[in-house]
Amino acid sequence: MSPYSPILIHSPDFSRPAHNMRKAPARIPRPTNPGHGRYIYAYAHTRTSQVLYSLTRHLTPSQLSKQLPDLGANHADSKLRKDLWQPFFTLCLPETESGDRQGLHAFKKLREYRKLHELSWKPSPLLSKPWTEGEIEELKQTLNTRGGNKKESVYDLIKREKKKMRVREVQDQKANSIADLAAVLLEQEDLGALTGPMREAEKKELRQKEVTEMLDLAAQADAGGLQKLGEEVAQMQTRIEELPDGQEDAVTGLSKTKLKHELYKMNGRKLRMEFSVNAVRQARNAHERGAAPSQTTASPIHSSTMTGKKKGPSNAITEYAKQLRTLSHKGMHRGALRQLDEKIAATQQSLDDALNGITEDVDIEKLQSKLLLNKVTKYKMELAAEATEAAQKEGRSTDLKDETPRIRVKAQEYKVQLLQQDVENAQQRDNSERIEQVEDMLTGAKQSLEFLKSVEGLSEEEFQRVEQTSRQRTASTEEDLARTEPADSPTQPKTAEGEPQAEAQQPTEPDWMTLLPSFPGRDPSHIPKRGPLKQQLRRLHSPVFTTEGVKVQWSNLLDLEYAAEWPANVSHERMGWTRYQAPHPQDAQAADLDISGFKQKQWRNRSANWVPAPEEAGEEAGELALEGKSRTVEESSRAEFVEGVKERVQRTLRARREEEERRKRAAKLGLSLDAGSEAQAGMSEVRV
């Protein structure tokens, strides 16, 4: 057992049937919204020392019933009293998705540990301490003098007191919660140190397999495998169309459904092979230029095959027309143009703020790419909507196949214009890296524009033939270049003796692990839930816990001493002054808030008993301190004046009482007031 794990003194009896216990989830749930689970707020009861955990800054009455145990009558608040629940500590996790899921895991473990403490705890020695005769005699006197039921004995009172002691033992969880927090963080640190290297090794192995497969597929395509696979796909489609329902194929012995499944696999392999050919070519070109490959410079011929949506032979015009119909419908009936305008304006504002230095930690290249994509999509949507409206007015078909070549050319021209503007903006900012990147994209866009203009008047079948011919020409051109490259190299220089110098450095092999992109990911909704691929995705996407950037804010920094050990990377800070809610974790001024002014405003009829020394708090605190001293002097002088007035009034009343007694005594003796006073004076002389 780890030294920081919670120790169970008395294990609960799990042999009894637990009808109300629910099975714990198999994995950590993904947060429903970003930031959920990033902060964990703990509140402590000022009287009972109970602890509540919350994912929000405010407590709710439902948390009392869900988290606190039922200890019987008179031991639970009927309502949530904010004056009794004070902030205890706040756990702050890193601002990442892994940090959110790590926070949910910590929240779950903290509640489980508290439940164990409530069920398994060491009895206090006071419970077994015998009561003395004096204490029993005191209880007897209390029992006799009180009213109500006289049937209870002293031992009933002792039993009730011991029950209260057990309740207090279960309620007091402040020290346990601090130790639990340290144990959870240490457990997550060890878990992250164990799973982190394993995850990286698994990802590296999968990446190596992916790169090897991509190179093998590209080599097979260069050897004619792509054309052969296309012929097999066409034959399979013909065989499926000719096979009647309910019969098996004579060649393979498979049913029509299984043949469709095989066709789906063949189409998937064909798409991966086409993607591999394009990726390897772009990676090799990037290696020769000494720059990173750009996914946007792909040939327009192969752009339709890289989407992963096409099945069967090339049908780029049909697919593009389908996309245009979708864009036209959205633009005319769903208000997508207005939404795109809002997205473009928001993206442009974010980009301007990032370029002007107003915002930091923003991916500028991502914003620029997003802005370019939204503008081109909006332009295509406008063109598609105009073409659809014109077709409806003229009574023509609205499938947009005839307008597709013209719209593609216009959209590509608009993209070239935007890229040229981007190059000019980068030149004005003197951003050489961005200029080089956009120039590569502009070159690819111009090549695409030239190709689209050359095939603008062709039909779909002619376009497919041109596409196939262009692929074969591209492959043969690369082979010719590779074959003629050594012949075109300059002659080796020779030394003075006529001997050739050492050979120049051979061209290095491209770093395929870095240059090659990954295959397009599959749709998670189409992956079997209990299959090995789904389990692998869950394992790869599960968070790796770490204590880097973890922070704990305390209402009292001395409370962290209740834990024997804390992770080295965890930082501890003061929470600052608060009333009923914990301050916001990102509020840096809460810890330095001076509350003397607040108390001075709230309690004007009291002296300033929360005023720091003038040399510590500044001029304002010094003025408050002087004001408090003057108020103290004023109160003391007022008290002296009141005491003087009180003494004079009492002296006057005493003199009047004595005068009244003399009058009564003189009336009894039948003397006048003067004679009575003389006789009283003589009697006093005789007494003396």
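Check the entry above for the structure.
Just so it is clear, the model here is predicted, and its values are computed rather than measured.

A few words now on the overall build of the protein. The number of helices and strands found in the protein is 19 helices and five strands. The buried share among the 688 residues of the protein stands at 33%. In the protein, once contacts between residues fewer than 6 apart in sequence are set aside, the share between residues at least 24 apart is 68%. With an accessible surface of roughly 45,100 Å², the protein has 50% of that area assigned to carbon and sulfur atoms.

Two faces make up the sheet, and in a regular strand the side chains alternate between them. Inspection of the sheet shows strand 3 (residues 85–92) paired to strand 4 (residues 551–554) by four bridges, in the antiparallel sense. Its bridge partner lying in strand 4, Leu-91 is registered against Val-552. Relative to strand 5 (residues 571–574), strand 4 is paired through four bridges, and the arrangement is parallel. Opposite Lys-551, over in strand 5, you have Ser-571 as the bridge partner.

Our next topic: the nonpolar core. Membership of the largest hydrophobic core comes to 26 residues, with the highest contact counts inside it found for Phe-89, Leu-91, Leu-181, Trp-554 and Trp-566. Taken together, the elements giving at least two residues each to this core come down to strand 1 (39–45), strand 2 (51–54), strand 3, helix 2 (97–119), helix 5 (174–222) and strand 4. With residues up to four places along the chain from it excluded, the contact list for Trp-554 reads Phe-88, Phe-89, Ile-178, Leu-181, Asp-559, Leu-560, Trp-566, His-572, Glu-573, Arg-574 and Met-575.

A few words now on a negative patch on the surface. Together, Asp-363, Glu-365, Glu-433, Glu-436 and Glu-439 line one region of the surface with negative charge. No other element matches the three residues that helix 12 (residues 432–454) contributes to the negative patch. Relative to the helices and strands, Asp-363 is located in the loop between helix 9 (336–355) and helix 10 (364–394). Looking at Asp-363, the relative accessible area reads 46%, which means it is partly exposed.

Orientation of helix 6 (residues 225–242) relative to helix 7 (residues 256–289), taken along the N-to-C sense of each, is 160°, at an axis distance of 10 Å. The angle between helix 6 and helix 7 places the two elements in the roughly antiparallel class. You can see that helix 6 and helix 7 cross each other, and the crossing is left-handed. Where helix 6 approaches helix 7, its residues Gly-225, Leu-226, Leu-229, Gly-230, Glu-232, Val-233, Met-236, Gln-237, Arg-239 and Ile-240 are matched on the opposing element by Lys-256, Leu-259, Lys-260, Glu-262, Leu-263, Met-266, Asn-267, Arg-269, Lys-270, Met-273 and Glu-274. Split into classes, the residues belonging to the contact of helix 6 with helix 7 amount to nine nonpolar, four polar and eight charged.

In the structure shown here, the tally under the stated rule is three cavities of 30 Å³ or more. Counted as a void, the largest cavity has a volume near 90 Å³. Around the largest cavity sit Tyr-43, Arg-57, His-58, Leu-59, Leu-80, Lys-82, Trp-85, Tyr-580 and Gln-581, which together line it. Partitioned by chemical class, the residues of the lining of the largest cavity number five nonpolar, two polar and two charged.

Our focus in this paragraph is the pairing of strand 3. Within strand 3, seven of the eight residues are buried, leaving the element largely enclosed by the surrounding structure. In this sheet, strand 3 lies alongside strand 1 in antiparallel orientation, the contact comprising seven bridges. Looking at the pairing, Ile-40 lines up with Leu-91 of strand 3.

Time to look at helix 4 (residues 154–171). The terminal C-alpha atoms of helix 4 lie 26 Å apart, and with 18 residues this matches the ideal 26 Å at 1.5 Å per residue to within 8%. Buried residues of helix 4: Val-154, Leu-157, Ile-158, Met-165, Val-167, Val-170 and Gln-171, and no others. Lining the buried residues of helix 4 we find helix 2 and helix 3 (133–145).

Further remarks concern the sheet that holds strand 3. A sheet is described by the order of its strands in space; here five strands give the open sequence 2-1-3-4-5, paired in mixed fashion. Two strands close off the open sheet at either side, each with one partner strand: strand 2 and strand 5. Averaged over all adjacent pairs, the angle separating strand axes in this sheet is 25°, with direction ignored. Where helix 5 meets the sheet, its contacts fall on strand 1, strand 2, strand 3 and strand 4, and the angle it forms with strand 3 comes to roughly 10°.

Moving on: the environment of Glu-95. Mapped onto the fold, Glu-95 is located in the loop between strand 3 and helix 2. For Glu-95 and Gly-549, which are 454 residues apart along the polypeptide, the C-alpha to C-alpha distance reads 8.9 Å. Non-local contacts of Glu-95, meaning those with residues more than four positions away in its chain, are made with Arg-38, Tyr-39 and Gln-586. For Glu-95, the side chain forms a polar contact with the side chain of Gln-586, separated by 2.9 Å.

A separate point is the pattern of salt bridges. Following the criterion strictly, the structure yields 19 salt bridges and no others. Salt-bridge contacts for Arg-239 lead to Asp-249; the nearest nitrogen and oxygen are separated by 3.6 Å. Here Arg-239 is found in helix 6, whereas its partner Asp-249 is found in the loop between helix 6 and helix 7, with 10 residues between them in sequence. Taken together, the shared-partner salt bridges in this structure form one network comprising Lys-108, Lys-109, Glu-112 and Glu-187.

Bringing the environment of Val-233 into the picture now. Structurally, Val-233 is set in helix 6. Among the residues examined, Val-233 registers a relative accessible area of 1% and is labelled buried. Counting along the chain gives 30 residues from Val-233 to Leu-263, while the straight-line C-alpha distance between them is 6.7 Å.

Now for helix 5. Quick reminder: α-helices carry 3.6 residues per turn. Residues three or four places apart thus point the same way. Taking 1.5 Å per residue, 49 residues should reach 72 Å; helix 5 reaches 70 Å between its end C-alpha atoms and fits that length. Backbone geometry just downstream of helix 5 places Gly-224 in the positive-phi region, at approximately 95°.

As a further point, take the side chain of His-105. Tracing the chain through its elements places His-105 in helix 2. A distance of 3.0 Å separates a polar atom in the side chain of His-105 from a polar atom in the side chain of Gln-188.

What follows deals with unusual backbone geometry. Residue Ser-49 is not a glycine yet carries a positive backbone phi of 65°. Mapped onto the fold, Ser-49 is located in the loop between strand 1 and strand 2.

Here is what the cut-offs are and how they apply
Residues numbered from 1 in each chain as written. Predicted model: local features only at pLDDT ≥ 70, side-chain atom pairs only at ≥ 80, totals over all residues. Heavy atoms only, no water. Helix = DSSP H or I, 4+ residues; strand = E, 2+ residues; numbered from the N terminus. Buried < 20%, exposed > 50% of the residue type's maximum accessible area, 1.4 Å probe, protein only. Contact = heavy atoms within 4.5 Å. Areas by Shrake-Rupley, 256 points an atom, 1.4 Å probe, with all protein chains shown as cover. Pairing = 2+ DSSP bridges. Core = buried A, V, L, I, M, F, W, Y, C linked by side-chain atoms within 4.5 Å. Patch = residues over 30% accessible without salt bridge, like charges linked within 9 Å, V, L, I, M, F, W, Y side chains within 5 Å. Salt bridge = Lys/Arg side-chain N within 4 Å of Asp/Glu carboxyl O. Lys, Arg positive; Asp, Glu negative; His and termini not counted. Charge placed at Lys NZ, Arg CZ, Asp CG, Glu CD. Axes fitted to C-alpha atoms, helices over the stretch in contact; angles between N-to-C directions. Parallel < 35°, antiparallel > 145°, perpendicular 65-115°, else oblique. Left-handed = near helix turned anticlockwise from the far one by under 90°. Nonpolar A, V, L, I, M, F, W, Y, C, P; charged D, E, K, R; others polar. 1 Å grid on protein atoms, 1.4 Å probe; cavity = no way out; pocket = protein on both sides within 12 Å on 5 of 7 lines; lining within 4 Å. Points joined across faces, edges and corners; volume = space filled by probe spheres on them. Expected span 1.5 Å × (residues − 1). Polar contact = N/O pair within 3.5 Å; in protein donor to acceptor, adjacent residues only side chain to side chain.

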